[in-house]
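Coordinate inspection notes
This is what each chain is made of:
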Amino acid sequence: MSSTQARTPSVAAWKALVPEAVVQELTPPETSRTPRMGPKESDPYGRDPKQGLKMLSGKMVWPMDFREDDFVLDDVILGMSRQFRFLGQTTEPVSVLWHSLCLSHLVDQPLQLAALVHDMTEAYLVDLPRPIKNHPEFAFLKKAEDKLFRGMAKALKLPFTTLPEDLIKSDI
């Protein structure tokens, strides 16, 4: 197994760490990929299709106006597994998913689930290094991430909608 394969875990590996009932509820049935929303189709919430993102599952998602029923677990896991941390500027590729899995093994048991999902918003809003993310001109991104995390946490039926401060301190 190459180092790249070792650091980009599969969807199955991530799902193994999420409660089975949640995985079953959030995994869409196997279907063919659906086309982008056309002019005759509409979003039930009236959101503009041009403001949405087309996921591999065929689902449209509006990260800036996220609804619980936008959530597709496979899309989130896939997005996290294919996105590299630190702008890809590492000696070995480190995906957001790999980072989340590693962090979940480094923290105490009460924080493990939070560690596993702490960067799930990056499936839609990308991973930006802290110097960029914390810059005052990017304050809107923190607000958008917090709102998106709350919606995703509700969709996953997590026992929390914000991340514990202890976990935030452990994250690198």
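Residues numbered from 1 in each chain as written. Predicted model: local features only at pLDDT ≥ 70, side-chain atom pairs only at ≥ 80, totals over all residues. Heavy atoms only, no water.

**Brief notes about the overall build of the protein chain**
Quick note on the threshold: Elements are defined by DSSP. Helices are runs of H or I of four residues or more, strands are runs of E of two residues or more, and each kind is numbered from the N terminus. Throughout this description, buried means an accessible area under 20% of the type-specific maximum (1.4 Å probe, protein chains only), exposed means over 50%, and partly exposed covers the range between. We call two residues in contact whenever any of their non-hydrogen atoms come within 4.5 Å of each other. The protein chains shown are the only cover counted for residues, whose accessible areas, like all others here, come from Shrake-Rupley with a 1.4 Å probe.
For the protein chain, the count of helices and strands is 10 helices and two strands. Counting helices and strands in the order they occur from the N terminus, the protein chain gives α-α-α-β-β-α-α-α-α-α-α-α. By the burial criterion, 42% of the 172 residues in the protein chain qualify as buried. Sequence separation of 24 or more characterises 59% of the internal contacts of the protein chain that already satisfy a separation of 6 or more. If you sum the accessible surface of the protein chain, you get close to 10100 Å²; carbon and sulfur atoms cover 57% of it.

**Notes on the side chain of D75**
We apply this condition: Any pair of N or O atoms that falls within 3.5 Å is considered a polar contact. Within protein, one atom must be able to donate a hydrogen and the other to accept it, and sequence-neighbouring residues count only if both atoms are side-chain atoms.
Within the fold, D75 resides in helix α4 (residues 73-81). Assessed through its relative accessible area of 6%, D75 is described here as buried. A distance of 2.5 Å separates polar atoms of two side chains, one belonging to D75 and the other to S57. Discounting residues that sit within four places of it in the chain, D75 has contacts with M55, L56, S57 and K59.

**Re the nonpolar core**
We apply this condition: For this analysis, a nonpolar core means a set of buried residues of the types Ala, Val, Leu, Ile, Met, Phe, Trp, Tyr and Cys, connected via side-chain atoms within 4.5 Å.
Residues F71, V76, V117, M120, Y124 and M152 are the most contacted members of the largest nonpolar core, which totals 33 residues. Among all residues touching V76, those that are not within four sequence positions of it are F71, M120, A123, Y124 and M152.

**So, the side chain of S104**
One can find S104 in helix α5 (residues 96-106). Residues within four places of S104 in sequence aside, it is in contact with Q112, A115 and L116.

**Considering helix α9 (residues 139-155)**
The criterion, for reference: Expected span, for any helix, means 1.5 Å times one less than how many residues it has.
Between its terminal C-alpha atoms α9 stretches 25 Å, which fits the 24 Å expected from 17 residues at 1.5 Å a residue. Taken together, the buried positions of α9 are L141, A144, E145, L148, F149, G151, M152, A153 and A155. Immediately downstream of α9, the backbone of K157 shows phi near 60 degrees, a positive value.

**Concerning the packing of aromatic side chains**
Within a pair of aromatic rings, the relevant descriptors are the distance that separates the centres and the angle that separates the planes. Quick note on the threshold: Only rings of Phe, Tyr and Trp enter the pairing, Trp through its six-membered ring, and a pair is recorded when the two centres are within 6.5 Å. The plane angle decides the type: under 30 degrees is stacked, over 60 is edge-to-face, the rest tilted. Counting as a charge over the ring demands two things of the Lys NZ or Arg CZ atom: a distance within 6 Å of the ring centre and an angle within 35 degrees of the ring normal.
Applying the stated criterion to the full structure yields three aromatic pairs. Ring plane angle 40 degrees and centroid distance 6.0 Å describe the contact between F66 and Y124, whose orientation is recorded as tilted. Of this pair, F66 sits in the loop between β2 (60-61) and α4 while Y124 sits in helix α7 (residues 122-125), and the two are 58 residues apart along the sequence. Neither residue differs from the other here; F66 and Y124 are each classed as buried. Seen from their ring centres, F138 and F140 are 6.0 Å apart, and the 25 degrees between their planes marks the pair as stacked. On the basis of relative accessible area, F138 is assigned to the partly exposed category, the value being 29%. A cation sits over an aromatic face here: R67 above Y45, 4.4 Å from the ring centre.

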